[in-house]
Amino acid sequence: MKLSDLIHEENVIPDLKAKDKRGVLEELVDTLVALEPSVDKNALVKVLLERERLGSTGIGEGVAIPHGKFSGINRPSISFGRSRKGLDFESMDGEPTYLFFLLVAPESSASIHLKALARIAKILKNSAFRKELMDLPGRQDLYRKIIQNDEEF
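What comes next concerns the included structure. A quick note: this is a predicted structure, and the numbers were derived from the prediction, not measured.

**Regarding the pairing of strand 5 (residues 77-87)**
Of all 11 residues in strand 5, 9 are buried, a share of seventy percent or more. Bridge count between strand 1 (residues 12-13) and strand 5: 2 bridges; the pairing is parallel. Following the sheet pairing, Val-12 is matched in strand 5 by Phe-80. Bridging between strand 5 and strand 6 (residues 97-105) involves 7 bridges; their strand directions are antiparallel. Within strand 6, the position partnered with Arg-82 by the bridge is Leu-99.

**Section: the side chain of Arg-130**
Among the secondary structure elements, Arg-130 is positioned in helix 4 (residues 127-135). Within the structure, Arg-130 has its side chain in polar contact with the side chain of Glu-61 (distance 2.5 Å). If we ignore the near neighbours within four places in the chain, the residues touching Arg-130 are Glu-61, Val-63, Leu-99, Leu-124 and Lys-125.

**Regarding the packing of aromatic side chains**
Within the structure shown, the criterion is met by 2 aromatic pairs. Taking 4.8 Å as the distance between ring centres and 55° as the angle between the ring planes, the aromatic pair formed by Phe-80 and Phe-101 counts as tilted. Here Phe-80, found in strand 5, pairs with Phe-101, found in strand 6; they are 21 residues apart in sequence, far enough to count as distant. Here the aromatic rings of Phe-89 and Phe-100 are separated by 5.2 Å at their centres, their planes lie at 70°, and the arrangement is edge-to-face. Placement of Phe-89 in the loop between strand 5 and strand 6 and of Phe-100 in strand 6 is noted, with a sequence separation of 11 residues between them. Residue class for Phe-89 comes out buried when judged on its relative accessible area of 0%. The ring of Phe-89 has Lys-21 sitting right over it, with the charged end atom 4.7 Å from the ring centre.

**Quick word on helix 2 (residues 41-54)**
Relative to the 20 Å expected for 14 residues at 1.5 Å per residue, helix 2 spans 21 Å between its end C-alpha atoms, a close match to the ideal helical length. Regarding helix 2, the residues found buried are Leu-44, Val-45, Leu-48, Leu-49 and Glu-52. Within helix 2, the buried residues cover an arc of 135° as seen down the axis, which keeps them to one side. Residues of helix 2 that are exposed and point more than 90 degrees away from the buried face comprise Lys-46, Arg-53 and Leu-54. Buried residues belonging to helix 2 abut helix 1 (21-35), strand 4 (67-69) and strand 6.

Calculation criteria
Residues numbered from 1 in each chain as written. Predicted model: local features only at pLDDT ≥ 70, side-chain atom pairs only at ≥ 80, totals over all residues. Heavy atoms only, no water. Buried < 20%, exposed > 50% of the residue type's maximum accessible area, 1.4 Å probe, protein only. Helix = DSSP H or I, 4+ residues; strand = E, 2+ residues; numbered from the N terminus. Pairing = 2+ DSSP bridges. Polar contact = N/O pair within 3.5 Å; in protein donor to acceptor, adjacent residues only side chain to side chain. Contact = heavy atoms within 4.5 Å. Phe/Tyr/Trp six-rings, centres within 6.5 Å; stacked < 30°, edge-to-face > 60°. Lys NZ or Arg CZ within 6 Å of the ring centre and 35° of its normal. Expected span 1.5 Å × (residues − 1). Arc of directions from axis to C-beta.

Here is the structure:
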């Protein structure tokens with residue numbers, strides 16, 4: 001499974017406007033809803049916030065991978081957002097979070113969900129890749145870098 005199967009260029013937000021966790025989740029979900037209008041945005045954000053209550057998906061080093069299973073979708077999807085200023089996502093290391101990969105999967109897709117999470121976490125361990133994501137100027141460049149980096153693994 002490749003991330004290119006789960007993310008589209010339209011799902012990339014080069015400059016998140018949000019100032020808090022809920023705002024980030026809403027912006028990331030908006031990109032999914034734009035491509036899949038039947039998805040109930042508010043219900044999906046609620047599922048993601050409930051997941052966050054179990055423990056923050058801010059994994060540290062400026063990265064968060066919010067994720068959840070949602071009955072209102074048919075296939076796993078990813079959106080990516082970058083906050084140049086960073087924000088408090090209750091990350092494990094207590095530092096601001098800049099890079100956000102949202103993964104949403106159907107409730108029945110446990111193995112795909114876990115494989116996608118592992119793949120995202122793996123590519124984000126590379127500090128040079130994280131720096132490039134911070135430095136690239138726009139949506140197309142970010143999308144291409146995500147896909148290119150995924151193909152290298």
